[in-house]
Amino acid sequence: MSQIETFYEVMRRQGITRRSFMKYCSLTASALGLGPAFVPRIAHAMETKPRTPVIWVNGLECTCCSESFIRGAHPLAKDVVLSMISLDYSHVLMAAAGHAAEAAMAEAMETHRGNYILAVEGNPPLNEDGMFCIVGGRPFVEKLKEAAAGAKAVIAWGACASYGCVQAAKPNPTQATPIHKVITDKPIIKIPGCPPIAEVMTGVITYMLTFGRLPELDRQGRPAMFYGQRIHDKCYRRPHFDAGQFVEAWDDENARKGYCLYKMGCKGPTTYNACSTIGWNEGVSFPIQSGHGCIGCSEDGFWDQGTFYNRLTNIKQFGVEANADQVGLTAAGVVGGAVAVHAAISALKRAQKKTQDKVEG
Amino acid sequence: MASPSTNVPAHDVAPEDLASVSRQTSVYVYEAPVRIWHWVNAAAILVLIVTGYFIGSPPPSMQIGEATEQFVFGYIRFAHFAAGWVLAIGFLGRIYWAFFGNHHARQLFYVPFWSAAFWAEVWFEIRWYLFLAKEPKKYVGHNPLAQLAMFFFITLGVSFMIVTGFALYAEGAQEGSLTHDLFGWVHGLTWNSHRLHTLHHLGMWWIVIFMIIHIYVAIREDIMSRQSIVSTMISGHRTFKDDRGD
């Protein structure tokens, strides 16, 4: 490969005006929470830096991350972002197939060894030597390890790559495993969600491009700028939560009034994501705005917390499915019953002793 | 009515009272800070349990006014957080007193795990509660079984509730806050804080079970044992009902 085009060159080649390009830069800056001073820096980076080669691999997944990604809300995102990174391999989006596709991946890995970003959608199943997910005739886990070896950094797209998601739900027959347990020697940035928000996906890539490093991550390895606050912290229905005004049933008057969905099992208070600020589909809406509680899809194990429609988690360790209150109330009931019986026996014993003392005395 | 004299324990004592009279030794065991902590702690736990239960399962929606004028759930949560702070600071004060108070103030914080005599006395207490021992032993402080229970329910239980509680509180206080700096690491253990909520919720029931046992046993011992229990936590004095040795 002679000279990799810059993003700006690619954009201009695709007929995007400089005005639109600058708009894109300023929108990206605000999406990343950066001040206006960063707009020229982003523009400068995109004008001068060669595009970052990205190899996008898919394991056990449903392709919802790709689907989200190609729907970047900003009009330019869908045109630009695919050109802005040099997407050298993505079997969902690339025209090539079969041997040609595999050859393209091998070539990209060789040419950009040590420089490319590995974007992983889905996860590898480890059971039966990885036979539950075969890509190009080989277990995905092998391909993943191979691709990770030459990567500069790894992006874990979605809940699958980050946490395991539904295919890792108990009892996890294929032993679907999040990628950080397979790739242990590379920096991994998690972009969880099922799928992640398109602007979050493009925003993270833009950040890595502009600054040449990973954004600030939280404790779990998620970019703090998008996963630093809970849905609940920025929810527009929050006043109803504080007021104690809840939807009590799906078709009640409170649902029509747009009250808080907490009692309907909304996981907003335990979910770190940017839905309540960025929104989905060009900011049109997000689950809570559409009248359905958050299911917590960007949190670890969201698929194994019992029903989506109750605040209290099911605990399976006790054999049957029960929530904390049922377990606790049962335990308290048993103890309370034991106390009552013990008290009764104590009283009898005491009465008995008194009579005895009288007889003896 | 017996005539007043130096040997008579009280001036209204009746002959039948005199038959059951004993010397009534008393030992000052719980100093004021311990007693104050006990009752403040009890009050805080009561508030925490009621409000905590409501946070998990909110009361029916109320329509007092517009959401801007109404703060029902906000007050419930406020009460929970305020009581949580009282509990935590009280617990710190109690730990302080373990160092500077009398030796009974330390009993809550350890189990003499390697002492065979301790476990022998635990076994004796179990026999007493199973109605197998005729008469309980006398103790100035906690009996060994009580000490064991206090350690697991209160020392460990309350510590667990404080740590998990502040970790959950830190979510609202957000990154950069004092509580997040101190307790944010807990989320690194459970990841999805929904799990942490469940553990904290189970912890509440752990404390409820403690309350049932604690109140029952305190009253039962007050009646059936050879020493005072309930009044000791009010006056600080342990009084003994008989003069016999152990």
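Here, the structure is the one placed above.
Quick notes on the rules
- Residues numbered from 1 in each chain as written.
- Chains lettered and ligands numbered in written order.
- Predicted model: local features only at pLDDT ≥ 70, side-chain atom pairs only at ≥ 80, totals over all residues.
- Heavy atoms only, no water.
- Helix = DSSP H or I, 4+ residues; strand = E, 2+ residues; numbered from the N terminus.
- Rg over C-alpha atoms; globule rule 2.2 N^0.38 Å.
- Buried < 20%, exposed > 50% of the residue type's maximum accessible area, 1.4 Å probe, protein only.
- Contact = heavy atoms within 4.5 Å.
- Buried area = accessible area lost by both parts, 1.4 Å probe.
- Salt bridge = Lys/Arg side-chain N within 4 Å of Asp/Glu carboxyl O.
- Polar contact = N/O pair within 3.5 Å; in protein donor to acceptor, adjacent residues only side chain to side chain.
- Core = buried A, V, L, I, M, F, W, Y, C linked by side-chain atoms within 4.5 Å.
- Domains from an automatic or database assignment.

Peer 1: Looking at this structure, I do not really get the overall build of chain A. What am I missing?
Peer 2: Across its full length, chain A holds 14 helices and nine strands. Compactness check: chain A gives a C-alpha radius of gyration of 27 Å against a globular reference of 21 Å for 361 residues, more than 25% above the reference. Projected onto its principal axes, the C-alpha positions of chain A cover 110 × 50 × 35 Å. Within chain A, the proportion of its 361 residues that are buried is 55%.

Peer 1: Whenever I open this one, the interface of chain B and chain A confuses me. Can you help?
Peer 2: Accessible area lost upon the coming together of the parts serves often as the stated size of an interface. Between chain B and chain A, the contact holds 47 residues from the first and 53 residues from the second. Both faces considered, chain B and chain A share a buried interface measuring about 4,200 Å² in area, 57% of it formed by carbon and sulfur atoms. For the chain B face of the interface with chain A, the top three residues by lost area are Phe131(B), Trp191(B) and His194(B), together amounting to 17%. The residue Arg195(B) makes a salt bridge to Asp300(A) at a minimum N-O spacing of 3.1 Å. Counting across the interface, chain B meets chain A through 28 residue pairs in polar contact (both at pLDDT 80 or more).

Peer 1: Hey, could you run me through the nonpolar core in this one?
Peer 2: Among soluble globular proteins, nonpolar side chains are generally buried collectively. Residue and element names in this part refer to chain A. Cys25, Met46, Ile155, Trp157, Ile191, Val200 and Ile288 are the most contacted members of the largest nonpolar core, which has 51 residues in total. Ranked by residues supplied to this core, first place goes to helix H9 (residues 198–211) with eight residues. Each of domain 1 (7–215) and domain 2 (229–322) gives at least three residues to this core. By size, the runner-up hydrophobic cluster in this structure holds 37 residues, among which are Met105, Met109, Cys133 and Ile188.

Peer 1: Can you walk me through unusual backbone geometry in this structure?
Peer 2: Where the residue is not glycine, phi is negative for most of them; where a peptide bond is considered, it is trans in most cases. Residues Lys170(A) and Pro171(A) are joined by a peptide bond in cis, for which omega reads 5°. Within the fold, Pro171(A) resides in the loop between helix H8 (158–163) and strand E7 (188–191). Looking along the chain, the bond that leaves Cys194(A) and enters Pro195(A) is cis, with omega of 0°. Within the secondary structure, Pro195(A) sits in the loop between E7 and H9. The phi torsion at Gln174(B) lies on the positive side, around 70°, for a residue other than glycine. For Gln174(B), the location among the structural elements is in the loop between helix H5 (144–173) and helix H6 (178–183). A relative accessible area of 21% means that Gln174(B) is categorised as partly exposed. Positive phi, normally seen in glycine, also occurs at Trp191(B), with a value near 60°. Within the secondary structure layout, Trp191(B) lies in the loop between helix H7 (187–190) and helix H8 (193–224).

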